[in-house]
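Architecture and fold: a report
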Amino acid sequence: MRASLLQIAVDEGESVESRRVRVASLVREQAGADLVVLPELWTTGAFAYERFAEEAEPLEGPTYEAMAKAASDAGVWLHAGSIPERDPEGPLYNTSLVFSPSGELAAAYRKIHRFGFDKGEAVLMGAGSELVTVRLPETTLGLATCYDLRFPELFRGLVDAGAETLVLPAGWPERRRSHWTLLAQARAVENQSFVLACGTAGTHAGVPQAGHSIVVDPWGEVLAEAGAGEEILTMEFDPAKVAVTREQFPALKDRVLGLERPRGAS
């Protein structure tokens, strides 16, 4: 399976519309790949909190339309990263979109864990509540976004739902890049899954981004890693390695906690 992670640089001097057109062109250039992945909130910048409300769009808004067309033109599965979604009957959400090679929406995932503690995304956006998987011909994707990476129980739930390849778009800051690599490897090892983590480059609202998009195999080995700038990270991996790993080293079968309600719990 061939995957391309598009580590997009978010430059405050580039308009959202210009970046949308540019990224759609980059997606089209990935024809021949099986899966293309974009970063989190690449239209606005993950730390550009003051722009979330202004740049928020309905689910089937301009980014949806541009990415659906790009996926269809390239004939690829496209994880289009995430957008600031404006729900007409609720708050904003940090919502990921996945399109099939025909340009149909295959899944939408609203980020569950919001970053910022008592500010930023944590107060400006609503929290999702549903785990989302997507069945591709070669593998089942489990969807998560950026800060979700710090919460292993989410990934356990995705594995229980059949996920074999965990896909995570992010706008991860450079100052915590060591955590990015460490946690991506940890999620791969503990879930015996591939991890495809695609970050942004550039600087969002004064916050330098980590870049360093990464592909990790079920043993925790880093198969490919980008640098700090805008880059397209393309590599081939064998999804069958998940089943082989889980059979050769069946650690998931020894799980005890989280599988059933403890005695005495109500």
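Positions within a chain are numbered from 1, following the residues in the order the chain's sequence is written. Whole-chain, interface and lining totals are the exception, using all residues; otherwise, since this is a predicted model, local features are given only for residues with pLDDT of at least 70 and side-chain atom pairs are given and counted only at 80 or more. Just so you know, side-chain values use all the structure's heavy atoms and leave hydrogens and water out.

**Concerning the environment of Ala 106**
Think of it this way: any DSSP run of H or I at least four residues long counts as a helix, any run of E at least two long counts as a strand, and we number them from the N terminus. Turning to its location among the elements, Ala 106 is positioned in strand S6 (residues 105–110). A residue is classified by how much of its surface remains accessible, and Ala 106, at 38% relative accessible area, is partly exposed. C-alpha separation for the pair Ala 106 and Arg 135, spaced 29 residues apart in sequence, amounts to 8.9 Å. Each residue is assigned to one of three classes by its accessible area relative to the maximum for its type, calculated with a 1.4 Å probe on protein chains only: buried under 20%, partly exposed between the two thresholds, exposed over 50%.

**Concerning the packing of aromatic side chains**
Note on aromatic contacts: the rings of Phe and Tyr and the six-membered ring of Trp form a pair at centre separations within 6.5 Å, being stacked when their planes are under 30 degrees apart, edge-to-face when over 60 apart, and tilted otherwise. Under the defined criterion, the tally for this structure stands at ten aromatic pairs. Between the aromatic rings of Trp 219 and Phe 249, the centroid separation amounts to 5.8 Å while the plane-to-plane angle is 55 degrees, which identifies the pairing as tilted. Of this pair, Trp 219 sits in the loop between strand S13 (214–216) and strand S14 (222–225) while Phe 249 sits in the segment after helix H7 (240–248); the two residues are 30 residues apart in sequence, bridging distant segments of the chain. A network of ring pairs unites the aromatic residues Phe 47, Tyr 49, Phe 52, Phe 115, Phe 117, Tyr 147 and Phe 151 as a single cluster. Above the ring of Tyr 93, the side-chain terminus of Arg 110 is found at 3.8 Å from the ring centroid. Criterion for a charge above a ring: Arg CZ or Lys NZ at most 6 Å from the ring centre, at most 35 degrees from the ring normal.

**Describing the UniProt feature "domain: CN hydrolase" (unreviewed entry) in the protein chain**
UniProt positions are given in the numbering used here, feature names are shortened, and annotations may be inferred rather than shown by experiment. UniProt feature "domain: CN hydrolase" (unreviewed entry): in the numbering of this structure it lies at residues 1–239. Each end of residues 1–239 is marked by a C-alpha atom, and these two atoms are 7 Å apart; helix forms 24% of the span and strand 30%.

**Let's talk about the pairing of S6**
Of the pairings in the sheet, the one linking strand S5 (residues 92–99) to S6 comprises five bridges and is antiparallel in character. Bridging across to S6, Ser 96 finds its partner in Tyr 109. Pairing between strands requires that DSSP locate at least two bridges from one strand to the other. Connecting S5 to the antiparallel partner S6 that follows it, the hairpin turn spans five residues, and Gly 103 within it adopts a positive phi of roughly 90 degrees.

**A few points about the environment of Arg 135**
Relative to the helices and strands, Arg 135 resides in strand S7 (residues 133–135). Note: C-alpha distance between Arg 135 and Ala 163 (28 residues apart in sequence) is 8.5 Å. Here, residues are in contact when the closest pair of their heavy atoms is within 4.5 Å. If we skip the residues at most four places from it in the chain, Arg 135 touches Trp 77, Thr 140 and Glu 164. A polar contact of 2.8 Å, which involves the side chain of Arg 135, links it to the side chain of Thr 140. Here a polar contact is taken to be a pair of N or O atoms separated by no more than 3.5 Å, where protein atoms must pair a possible hydrogen donor with a possible acceptor and residues adjacent in sequence count only if both atoms sit in side chains.

**Describing the packing of helix H5 (residues 152–160) against helix H6 (residues 177–191)**
Remark: H5 packs on H6, axes separated minimally by 10 Å, with the N-to-C direction vectors making an angle of 40 degrees. Accordingly, the angle class assigned to the pair H5 and H6 is oblique. In the packing of H5 onto H6, the handedness of the crossing is right-handed. Here Pro 152, Phe 155, Arg 156 and Val 159 of H5 lie close against H6, whose contacting residues are Arg 187, Glu 190 and Asn 191. Per-class residue counts for the contact of H5 with H6 are three nonpolar, one polar and three charged. Axis definition: a line fitted to C-alpha atoms, over the contacting stretch in the case of helices. Angles run 0 to 180 degrees between N-to-C directions. Angle categories are assigned with fixed cut-offs, so that under 35 degrees is roughly parallel, over 145 is roughly antiparallel, 65 to 115 is roughly perpendicular, and the rest are oblique. Crossings are classed by handedness, with left-handed meaning an anticlockwise turn of the near helix from the far one by less than a right angle and right-handed meaning a clockwise turn. Note that Gly is not counted as nonpolar here; it falls among the polar residues with everything else outside the nonpolar set of Ala, Val, Leu, Ile, Met, Phe, Trp, Tyr, Cys and Pro and the charged set of Asp, Glu, Lys and Arg.

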